Amino acid sequence: MGLDMYSYRVEKEQLSEEVPEDYEGYSLPVKNDEVLEEVMYWRKHHDLHGAMFSIAEKKGFTDGAAGFNAVDLNLTLHDLDSLEEQVREGTLPSTTGFFFGSNPPDDESTLLDLAWIAEAKDAIKSGDYILYSAWW
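About the criteria used
Residues numbered from 1 in each chain as written. Predicted model: local features only at pLDDT ≥ 70, side-chain atom pairs only at ≥ 80, totals over all residues. Heavy atoms only, no water. Buried < 20%, exposed > 50% of the residue type's maximum accessible area, 1.4 Å probe, protein only. Helix = DSSP H or I, 4+ residues; strand = E, 2+ residues; numbered from the N terminus. Pairing = 2+ DSSP bridges. Polar contact = N/O pair within 3.5 Å; in protein donor to acceptor, adjacent residues only side chain to side chain. Contact = heavy atoms within 4.5 Å. Salt bridge = Lys/Arg side-chain N within 4 Å of Asp/Glu carboxyl O.

Within strand 4 (residues 129–135), six of the seven residues are buried, leaving the element largely enclosed by the surrounding structure. Pairing analysis gives three bridges linking strand 3 (residues 73–75) to strand 4, with the strands arranged antiparallel. Looking across to strand 4, one finds that Leu-75 is bridged to Ile-130.

What follows is about the side chain of Asp-128. Mapped onto the fold, Asp-128 is located in the loop between helix 3 (107–125) and strand 4. Reaching out from Asp-128, the side chain makes a polar contact with the side chain of Arg-9 at a distance of 2.7 Å. Among residues more than four places away in sequence, those in contact with Asp-128 are Arg-9, Val-10, Glu-11, Lys-12 and Ala-123.

Look at Ala-70: it is not a glycine, yet its phi comes out positive at around 65°. Of note, Ala-70 is situated in the loop between helix 1 (46–58) and strand 3. Taking relative accessible area as the criterion, Ala-70 reaches 46% and is therefore assigned partly exposed.

Applying the stated rule across the entire model yields six salt bridges. Between Arg-43 and Asp-4 there is a salt bridge, with its nearest N and O atoms 2.9 Å apart. With Arg-43 in strand 2 (residues 37–43) and Asp-4 in strand 1 (residues 4–10), this pair connects stretches of sequence that are 39 residues apart. Its relative accessible area of 14% is what places Asp-4 among the buried residues. A salt bridge links Glu-84 to Arg-88, with the shortest nitrogen-to-oxygen separation between them at 3.0 Å.

In structure tokens:
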């Protein structure tokens, strides 16, 4: 067991209802039968997970850190810009949890995070959505 983290690309056709272009909510109405394209997978990248939880809280998620399990978080360009700044500056929030491990970010994880952020931004600019989800 442990913290498994995923990023998915969602096309507009995979939504069960229309979403405004400037949508800032934390969840998306994805059709239940859709298979989403996995963009990235992380294992026990707990500090990145903490940053994602902070984004969710700013968007109105109220179930607390323990409830931020298997939640699909919609990420916007603004969210990714903020996240990119934290990754570049090494200021991801220190995050702990029973199943999260203790792997601090290093040069390799930083490069992977930045590559994922660039890909996620490109997806959003092309009209798709990016989701983040974790399971532990």
